[in-house]
Amino acid sequence: FKVLVEIFKDYDLNWNNLCSILMDSCAVMRGSKTGLEKRIRTQKCHHLLDIDGDVCHHCHNGTKRFCAPFENHLENLFYYLYNHFKWSTDLRKYLSDICDILYIKFTMPDRFLKHRWLSVYDVTMSTNRLYEAYFVFFFSCIPDKDKRDYKDLLNKIYVAKHVDEDGKSKIKVIQSEIKKKKLTKSGAKRRDSIVNLLIIQEQKTKLVLGFYSAALPIFKRYVCLFQSKNPLVHKLNDEQLRAFKAILNCFLKSESTNKLSPRALKDFEMEKCFLPLNEIHYGASTRKWMHEIEQRNPALIREFKLKARKAYLDSSKYMQDKFPLNNPLLKSLSGIDPIVQHHEVSGRCLKRLPSLVTNVLSADEVEQYEEEILNYMSDSTLPNYAEPKRADDESDDESDNELDDQSKSPPKKTAPSDAPKVITRIDEWWHEVRETGRYNNLSKLVLATLSIFHGPLVESSFSSMGNIMDSKRYSLSIETFNSYLTVQYYFACS
């Protein structure tokens, strides 16, 4: 707190210009009694706005609750796979050769980092794609007396991947080389753990892989959206409700949640509205796999279904507790979206903002502000605005196959030079509104609210720090490091 006060003093910053601070939800930062945010609000900045912490962190922590019932089954596999291939160029070469024969694009096993947001989803998708190659690779590590039990699974992969006799012969040679490879004691132990998780417990592993692949995209889309550099605080209320209800609909009766207000959702008792275990959202591939093994191992399927429901329940309860579902400020900020300019809800939300953001407009300006709202809602002369496409909505135009004939694609049409300009950033749109000179107070307040952080962009500095500081630069001073970053940001913006 004292350091922050000194910074404001050194740079002659006015506390009255501070709208909001984004912090981790730990007690040191956001504790209700002595947290940094609490001290700033009570001692320096009484008008400080509250959007209830870092929404991306909340979502990431929700995925941890989601994965917890499966007791690190996949996470351990990810760790073993990454480290097994990390240190050996020979093993990587063998895996690459197997991928070529199976017509699978080879990549190094992704590294799972529990502190990196939705890392578990990214590594899940990578492992799913390489699963057959891993199976073929580690089949050679099964004791000879047990190989007969898993030979049928190997043959299924050959059939599915259209491997001919020549390919099978090449794989046998590679497998014999893998078997000869001498490993350290820890390496051999790691290999045996991979064989156990990947082959011996194949049924359970594929169930959890499929389940993660089907459910985690809900969390991933939310985090990717609010990691954007564009100001999106006006979308926060709607998107968190959409993400929360999407999770609820995976395991609860939709009619019990879809019509609930944000306030009602905060107190909603989920245990009373469970879907039957067979109707929970597992994903199409997972459900197909469940059907295949239910006759042989019904106990495993029963256990998996219960854990899947617990995963949904635990993550939903965490999100219900942490998400600011009923935050008056976030609900009012929905009205600054240009998309709803001509709707009644926009005027209602905009009229509430001065009572929530109290440090921007004077009493006289508030009177003019309300008059500007009326004119704004019926103004059809303002610039054109279109929401930017989300990364998950865009089609993947690039094929992994380098032999694709790109010349067959028709050339993309470009807008004529005299076409009206379409703005896709909300802050730029409101800047244009301000430039009209007709909505000075309205644009002043809105642009102030768009300075509210909703995603931890500041944490990208930690990645930059890792690129600058290494084992030979531990004595680097803060001033020198700050100079490095300043120069880096300058060239990034130029």
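Anything mentioned here points back to the structure above.
A short tour of the structure in this document, coming up. Bear in mind the structure is a predicted one, so any value in this text is a computation, not a measurement.

Here is what the cut-offs are and how they apply
- Residues numbered from 1 in each chain as written.
- Predicted model: local features only at pLDDT ≥ 70, side-chain atom pairs only at ≥ 80, totals over all residues.
- Heavy atoms only, no water.
- 1 Å grid on protein atoms, 1.4 Å probe; cavity = no way out; pocket = protein on both sides within 12 Å on 5 of 7 lines; lining within 4 Å.
- Points joined across faces, edges and corners; volume = space filled by probe spheres on them.
- Core = buried A, V, L, I, M, F, W, Y, C linked by side-chain atoms within 4.5 Å.
- Buried < 20%, exposed > 50% of the residue type's maximum accessible area, 1.4 Å probe, protein only.
- Helix = DSSP H or I, 4+ residues; strand = E, 2+ residues; numbered from the N terminus.
- Disulfide = S-S within 2.5 Å.
- Axes fitted to C-alpha atoms, helices over the stretch in contact; angles between N-to-C directions.
- Parallel < 35°, antiparallel > 145°, perpendicular 65-115°, else oblique.
- Left-handed = near helix turned anticlockwise from the far one by under 90°.
- Contact = heavy atoms within 4.5 Å.
- Nonpolar A, V, L, I, M, F, W, Y, C, P; charged D, E, K, R; others polar.

## A few points about the layout of surface pockets
If you add up the space inside the second largest pocket, you get close to 740 Å³. Lining the second largest pocket are 23 residues, and of these Glu132, Glu202, Lys206, Trp289 and Glu292 sit closest to its centre.

## Remarks on the nonpolar core
Counting residues in hydrophobic clusters, the biggest one holds 121 residues, and the most contacted among them are Phe66, Phe138, Phe211, Tyr212 and Trp430. Counting residues per element, this core draws most heavily on helix α7 (residues 119-139), at twelve residues. Membership of the second largest hydrophobic core comes to ten residues, among which are Phe8, Leu18, Ile21 and Cys45.

## With respect to unusual backbone geometry
Residues other than glycine seldom take positive phi values, yet glutamate 71 does so here, at roughly 55 degrees. On the basis of relative accessible area, glutamate 71 is assigned to the exposed category, the value being 57%. Positioned with a positive phi, asparagine 72 is a non-glycine residue whose angle comes to about 60 degrees. By the secondary structure assignment, asparagine 72 is in the loop between α4 (55-67) and α5 (73-86).

## Details of the state of the cysteines
Tallied over the entire structure, the rule returns zero disulfides. Its sulfur unpaired, cysteine 45 is 8.1 Å from the next cysteine sulfur, which belongs to cysteine 19.

## Focus: the packing of α4 against helix α12 (residues 217-226)
Where α4 meets α12, the axes come as close as 9 Å, and the angle between the chain directions of the two elements is 160 degrees. In terms of orientation, α4 lies roughly antiparallel with respect to α12. When the axes of α4 and α12 are compared, the crossing they make is left-handed. Taken together, the residues of α12 that come into contact with α4 (itself represented by Val55, Cys56, Cys59, Gly62, Thr63 and Phe66) are Phe219, Tyr222, Val223 and Phe226. Residue composition of the contact of α4 with α12, grouped by class: eight nonpolar, two polar and no charged.

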